[in-house]
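# Residue-level structure breakdown
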Amino acid sequence: MTEVRTGSDWDPRAPEVLADQLTAYDAMRGRCPVAHSDYLGWTLFRHDDVVAAARDHDTFSNVVSPRVSVPNGMDPPEHTEHRRINERYFTPERMSALEPAVRDIAARLVADLPRGGPTEVMDPLARAFALRVQSAFMGWPAALEGPLRDWTLRNHRASLSRDPEALAAVALEFDGYIRGEIAARRRTAGLVSAPGDVTAELLTERVDGRPLTDEELVSLIRNWTVGELSTIAACVGILVHALAERPEVQQLLRTDPAAIPSAVDELLRIHPPLVANRRRATRDVEVAGRRIPAGAPVTLLWASANRDETVMGDPDEFRLDRDPADNLLYGTGIHACPGAPLARLELQVMVEALLAGTEHLGPVTDAVRAAYPASGYTALMVGVR
């Protein structure tokens, strides 16, 4: 019988959940795989349920806010053209052209890490890497790095609080930075742009025969930047922690660098950097015996789905022989991350730089876990030599 009760099944903000998100999600996946809460609406924990919802955009809409969100807050047909524009910026040719800059940034940051004792790696390595690669990719000046670093921290605090006024304020602040970069390029329209200036190139894009509006441009760039500054930084922290805590994996990759791409994906399956995405039910729908009503918010909990024992076996076991199609690191369906090629390049290069530029990583002497909606670590002390 379908259960229609919609009372709170769990509290995603309970201290015990925030203290160890993955353990809490693992427990919920077995106890209540489709759970309701006032904070997240209906949360899907199981791999199969998350995949089915992510691939059924007719039933689980990505339009969850009145604010324009390009392209991840759109459904077809509007999503189709905007997604096409996104994908043009993450082709193999563009990634090859960017790779030397990414390698240079990673090598310099690793070389600058203090040696011989515990070293904090989130600010000087993880966050700096994400910020500098994004600036290189977008063609932004170095002067923007400081403001964007500060903005990332304020955006995380606002997201955690879910304070509408704080969220609106940080969004407006970010939009101001981006509008400034757009305006600067419009002032030099007709002049030769710097090679690889993606921001200038975006001004020439058209959708349905018209130029992108400023609102669409800002939204697209905002989504790219938040994904880069938050998620890539989290990924680097998770990977450093994993290499330091799993010396056998670290040694394997030092011996066999060809295994790094698969190892990165597997380590980030074990500890997912992206916790969740939102959807909205367009109709009454039943999932695992629970009836989700039309209009209800739905949360796809990637951080649980990628650790589902029915698909992965022991979720904490490091294995390189898994089927890559089961790994939801970059999502699935039409809304799978369009920036995945850049993320894969960055993370592979960073691990290569870490292993080439050090003799050993570890042990971890202190790690402060990030709280929902973030993953990974807010601070991480690791031995470097």
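Shown above is the structure to which this text applies.
Residues numbered from 1 in each chain as written. Predicted model: local features only at pLDDT ≥ 70, side-chain atom pairs only at ≥ 80, totals over all residues. Heavy atoms only, no water.

## As for the pattern of salt bridges
Within this structure, the stated rule accounts for 28 salt bridges. Across the pair Glu-266 and Arg-322 runs a salt bridge whose closest N-O atoms are separated by 2.8 Å. Within this pair, whereas Glu-266 is found in helix α12 (residues 260-270), its partner Arg-322 is found in the loop between α14 (309-312) and α15 (340-357), the two being separated by 56 residues in sequence. Residue classification places Glu-266 among the buried positions, given a relative accessible area of 4%. Owing to a relative accessible area of 14%, Arg-322 belongs among the buried residues under this scheme. Among the salt bridges present, the one from Asp-321 reaches Arg-319, with a minimum N-O distance of 2.9 Å. What makes Arg-319 partly exposed here is its relative accessible area of 30%. Overlapping salt bridges bring together Asp-26, Arg-29, Arg-307, Glu-309 and Asp-316 as one network. (Salt bridge = Lys/Arg side-chain N within 4 Å of Asp/Glu carboxyl O. Helix = DSSP H or I, 4+ residues; strand = E, 2+ residues; numbered from the N terminus. Buried < 20%, exposed > 50% of the residue type's maximum accessible area, 1.4 Å probe, protein only.)

## A word on the sheet that holds strand β12 (residues 377-384)
Strand order in the open sheet formed by 3 strands is β4-β12-β11, and the pairing between neighbours is antiparallel. Taken across any chain shown, the strands that pair with only one partner, and hence form the sheet edges, are β4 (118-120) and β11 (361-369). Strand after strand, the sheet turns through a mean of 25° between neighbouring axes, direction not considered. Sheet topology places β11 next to β12; 6 bridges connect them, and they run antiparallel. When the sheet's bridge partners are listed, Leu-361 is paired in β12 with Val-384. Docked against the sheet, helix α6 (residues 122-138) engages β4 and β12, running at close to 120° with respect to β12. (Pairing = 2+ DSSP bridges. Axes fitted to C-alpha atoms, helices over the stretch in contact; angles between N-to-C directions. Contact = heavy atoms within 4.5 Å.)

## Brief notes about the side chain of Ser-135
Within the secondary structure, Ser-135 sits in helix α6. According to the relative accessible area criterion, Ser-135 is buried, its value standing at 5%. The residues contacting Ser-135, other than those within four sequence positions of it, are Trp-140 and Glu-145.

## Focus on the layout of surface pockets
In this structure, the second largest pocket occupies an estimated 420 Å³ of space. Around the second largest pocket sit 22 residues that line it, and Leu-22, Ile-270, His-271, Arg-369 and Tyr-377 are the ones nearest its centre. Listing elements by their share of the lining of the second largest pocket, those giving two or more residues are α1 (15-19), α2 (21-31), α10 (214-245) and α12. Of the residues assigned to the lining of the second largest pocket, the class counts are 9 nonpolar, 6 polar and 7 charged. (1 Å grid on protein atoms, 1.4 Å probe; cavity = no way out; pocket = protein on both sides within 12 Å on 5 of 7 lines; lining within 4 Å. Points joined across faces, edges and corners; volume = space filled by probe spheres on them. Nonpolar A, V, L, I, M, F, W, Y, C, P; charged D, E, K, R; others polar.)

## Quick word on the nonpolar core
One finds Leu-125, Phe-129 and Phe-137 to be the most contacted residues of the largest nonpolar core, which totals 82 residues. The element best represented in this core is α10, accounting for 16 residues. With residues up to four places along the chain from it excluded, the contact list for Leu-125 reads Leu-109, Val-110, Leu-113, Val-236, Val-240, Met-350 and Leu-354. (Core = buried A, V, L, I, M, F, W, Y, C linked by side-chain atoms within 4.5 Å.)

## Side note on the packing of aromatic side chains
The geometry of an aromatic ring pair is captured by two quantities: the separation of the ring centres and the angle between the planes. Summed over all chains, the structure comprises 9 aromatic pairs. Judged by centre distance (5.2 Å) and plane angle (65°), the ring pair of Trp-10 and Phe-45 falls under edge-to-face. You can see Trp-10 sitting in the segment before α1 and its partner Phe-45 sitting in the loop between β2 (41-44) and α3 (47-55), a full 35 residues away along the chain. Judged on exposure class, the residue Trp-10 and its partner Phe-45 are both buried. Centre to centre, the rings of Phe-90 and Trp-224 are 5.2 Å apart; their planes meet at 80°, and the pair counts as edge-to-face. Of this pair, Phe-90 sits in the loop between α4 (78-87) and α5 (92-111) while Trp-224 sits in helix α10, and the two are 134 residues apart along the sequence. Taken as a pair, Phe-90 and Trp-224 share a single burial class, namely buried. One aromatic cluster in this structure is built from Tyr-89, Phe-90, Phe-137 and Trp-224. (Phe/Tyr/Trp six-rings, centres within 6.5 Å; stacked < 30°, edge-to-face > 60°.)

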